[in-house]
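Given next are the chains, with one letter for each unit.
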Amino acid sequence: MTIRVNGEPRSVDRALRIAELVRSMVADDPEGVAVAVNGEIVTRSRWHEREVRDGDDIEIVRATQGG
Amino acid sequence: MATTSKSSAPRKEGEGPAVSETARLGEREVASRAGEVHRQDEAPRQEEGLQTSEDLLRQDGWKLGDLELVSRVILGTARYPSRQVLLDALAAAGTQLVTVGIRRVDPAAGGAENLFQLLRQHGYHVLPNTAGCFTARDAVLTAQLAREALGTALIKVEVIGDEDTLLPDVEGLIEACRELVRLGFTVLPYTNDDPITAKKLEDLGCAAVMPLGAPIGSGLGIRNPHNIELIVSRARVPVIVDAGVGTASDVAVAFELGCDGVLLNTAVARARRPVAMAAAVRDAARAGRLAHAAGRVPRLFYAQASTPLAGRIGSAAPDTPSDSGR
């Protein structure tokens, strides 16, 4: 299946949970990281249960410098 | 402007058309319309009392939503030469609340310090922004991500109208703020200096209004102090000048106009010596708050002598030119 992660297409060939996806993108402790799938927040408590589905548009964000 | 009548008698000290100004005297606002004559001695003076300036500043706490603050300065975290300079500047400014952006994680940046963790470790409250959002929809989603990521209901809402000026898109801003208030956020909108817009934002439930002094990063200071003062005079929520501050005196002016807070980033981060500028900003905030509490003198069209006339030697003053007919 094909998903979008932070604007980039990505092909996924097995069941993938959000938690694993986050771990692949965030090297350090994911404190201060948030995830939205198809415009809806997936809370941290659900990262281990939510599986990605074909066509999912996923945003993984964190706090950065800003004014 | 009203014309003064021709008279052979010498003009009394202090008479003359006063410049249109809003003068705050103690707790009372006196709006002067053009042509009104001000007699300064009629103004009630507040009792000086036994309060020292330190007492005044110590009691100068305020609230943004549920957040209780003492410092009136909010600093951004962008564009610093290094993380260490950022931390040193935040400490020098005495700020308690700092802004951050929300951006996609970058796997290539691996190993970079977690800014949120760093700020929390140093005891700062964090205010996420929706910088870079051009639509209400993006701003709302960014705010929701920020709340989830940082565990705060505070949000600085930016909905930007164009990339050159970074001025707010008022239509989108109002739409985003309405939705975010409905979703239970503590909404701090970055807005323009239009008093009508500021009132709309307050009325729909924003916890403060944050009019720009000038475009973001421009360093132009407070371009329309009259409008800022109008906004302050009508607001029942805190007013925070946000954007365009260039140097410490801009901060002092904002507080002299009656603002409750100032939010700045570039003026400190891009100063030649950011930590020195941060310290100057801290002092400027104190000076501005004190000056405002002290109750400034009104602006006058004509001079009013400081030294009394009685007992002076020498000749009388030359004839004063009449200004009738101007």
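Residues numbered from 1 in each chain as written. Chains lettered and ligands numbered in written order. Predicted model: local features only at pLDDT ≥ 70, side-chain atom pairs only at ≥ 80, totals over all residues. Heavy atoms only, no water.

Draft legend 1. How the structure looks around the overall build of chain B. Of regular secondary structure, chain B possesses ten helices and twelve strands. In chain B, which comprises 326 residues, the proportion classed as buried is 45%. Considering only contacts within chain B whose residues lie at least 6 apart along the sequence, 64% involve residues at least 24 apart. In the structure as shown, chain B presents an accessible area of about 17100 Å², 49% of it carried by carbon and sulfur atoms. (Helix = DSSP H or I, 4+ residues; strand = E, 2+ residues; numbered from the N terminus. Buried < 20%, exposed > 50% of the residue type's maximum accessible area, 1.4 Å probe, protein only. Contact = heavy atoms within 4.5 Å. Areas by Shrake-Rupley, 256 points an atom, 1.4 Å probe, with all protein chains shown as cover.)

Draft legend 2. Fine view of the overall build of chain A. Summing up its helical and strand segments, chain A has one helix and five strands in all. Along chain A, from the amino end to the carboxyl end, the secondary structure elements read β-β-α-β-β-β. Radius of gyration (C-alpha) of chain A: 12 Å, near the 11 Å computed for a compact globule of 67 residues. Its C-alpha atoms give chain A principal-axis dimensions of about 40 × 20 × 20 Å. Relative to its full complement of 67 residues, chain A shows a buried share of 45%. Taking the contacts inside chain A whose residues are at least 6 apart along the sequence as the reference set, 54% of them involve residues at least 24 apart. Carbon and sulfur atoms form 43% of the exposed surface of chain A, whose accessible area is close to 3500 Å². For chain A, the centre of its 10 positive side-chain charges and the centre of its 13 negative side-chain charges are spaced 2 Å apart. (Rg over C-alpha atoms; globule rule 2.2 N^0.38 Å. Lys, Arg positive; Asp, Glu negative; His and termini not counted. Charge placed at Lys NZ, Arg CZ, Asp CG, Glu CD.)

Draft legend 3. Molecular detail of the packing of helix 4 (residues 136-150) of chain B against helix 5 (residues 170-182) of chain B. All names here are of chain B. Relative to each other, helix 4 and helix 5 sit at 35°, their axes nearing to 8 Å. Of the two elements, helix 4 crosses helix 5, and the hand of that crossing is right-handed. Facing helix 4, whose interface residues are Ala-136, Ala-139, Val-140 and Ala-143, helix 5 presents Gly-172, Glu-175, Ala-176, Glu-179 and Leu-180. Looking at the contact of helix 4 with helix 5 residue by residue, the classes come out as six nonpolar, one polar and two charged. (Axes fitted to C-alpha atoms, helices over the stretch in contact; angles between N-to-C directions. Left-handed = near helix turned anticlockwise from the far one by under 90°. Nonpolar A, V, L, I, M, F, W, Y, C, P; charged D, E, K, R; others polar.)

Draft legend 4. Seen up close, the sheet that holds strand 9 (residues 186-191) of chain B. All names here are of chain B. A sheet is described by the order of its strands in space; here three strands give the open sequence 8-9-10, paired in parallel fashion. Strand pairing shows two members of the sheet lacking a second neighbour, strand 8 (154-157) and strand 10 (210-211), which therefore form its edges. Note: strand 8 against strand 9, four bridges, orientation parallel. What sits directly across from Leu-154, in strand 9, is Thr-186. (Pairing = 2+ DSSP bridges.)

Draft legend 5. A look at the pattern of salt bridges. All names here are of chain A. Tallied over the entire structure, the rule returns 14 salt bridges over all chains. Residues Arg-17 and Glu-51 are paired through a salt bridge, measuring 3.1 Å at the closest nitrogen-oxygen approach. Of the two residues, Arg-17 is situated in the loop between strand 2 (8-11) and helix 1 (18-25) and Glu-51 in the loop between strand 4 (40-42) and strand 5 (57-65); the sequence distance between them amounts to 34 residues. Residue classification places Arg-17 among the partly exposed residues on the basis of a relative accessible area of 38%. (Salt bridge = Lys/Arg side-chain N within 4 Å of Asp/Glu carboxyl O.)

Draft legend 6. Structural view of the interface of chain B and chain A. Contact with chain B, which involves 30 residues of that partner, is made by 27 residues of chain A. Summed over both sides, the interface between chain B and chain A buries roughly 2300 Å², with carbon and sulfur atoms accounting for 58% of that surface. Counting the surface chain B buries against chain A, the share from its top three residues, Arg-104, Val-105 and Glu-148 of chain B, is 29%. Counting the contacts that link chain B with chain A gives one salt bridge. Between Glu-59 of chain A and Arg-104 of chain B there is a salt bridge, and its shortest N-O distance comes to 2.8 Å. The tally of links from chain B across to chain A stands at 14 residue pairs in polar contact (both at pLDDT 80 or more). (Buried area = accessible area lost by both parts, 1.4 Å probe. Polar contact = N/O pair within 3.5 Å; in protein donor to acceptor, adjacent residues only side chain to side chain.)

Draft legend 7. Quick look at the nonpolar core. Counting 70 residues, the largest nonpolar core has Val-157, Val-251, Leu-264 and Val-268 of chain B as the members making the most contacts within it. Sorting elements by how many residues they give to this core places helix 4 of chain B first, with eight residues. Counting 19 residues, the second largest nonpolar core, distinct from the first, contains Ala-19, Val-33, Val-35 and Trp-47 of chain A. (Core = buried A, V, L, I, M, F, W, Y, C linked by side-chain atoms within 4.5 Å.)

Draft legend 8. Focus on the side chain of Arg-72 of chain B. For Arg-72 of chain B, the position within the fold is in the loop between strand 4 (67-69) and strand 5 (73-76). Apart from the residues lying within four places of it in its own chain, the contact partners of Arg-72 of chain B are Asp-60, Gly-61, Trp-62, Phe-255, Asp-260, Gly-261, Val-262 and Arg-289 of chain B.

Draft legend 9. Expanded view of the confidence of the model for chain B. Residues and elements named next belong to chain B. Averaged over every residue, the pLDDT of chain B is 86; residues scoring 70 or more account for 82%. For residues 1-44, every residue scores under 50 in pLDDT, and the model assigns this stretch 74 contacts once sequence neighbours within four places are set aside. Overall fold confidence for the complex sits at a pTM of 0.85, while the interface term, ipTM, reaches 0.96. (pLDDT = per-residue confidence, 0-100.)

Draft legend 10. Seen up close, the side chain of Lys-156 of chain B. By secondary structure assignment, the location of Lys-156 of chain B is in strand 8. For Lys-156 of chain B, a relative accessible area of 3% corresponds to the buried category.

Draft legend 11. Highlighting the packing of aromatic side chains. Residues and elements named next belong to chain B. Inspection of the entire model under this criterion finds one aromatic pair over all chains. Centre to centre, the rings of Phe-301 and Tyr-302 are 5.0 Å apart; their planes meet at 85°, and the pair counts as edge-to-face. On the basis of relative accessibility, which here comes to 23%, the residue Tyr-302 falls in the partly exposed class. The cationic tip of Arg-147 hangs over the ring face of Phe-185; the distance from NZ or CZ to the ring centre is 3.7 Å. (Phe/Tyr/Trp six-rings, centres within 6.5 Å; stacked < 30°, edge-to-face > 60°. Lys NZ or Arg CZ within 6 Å of the ring centre and 35° of its normal.)

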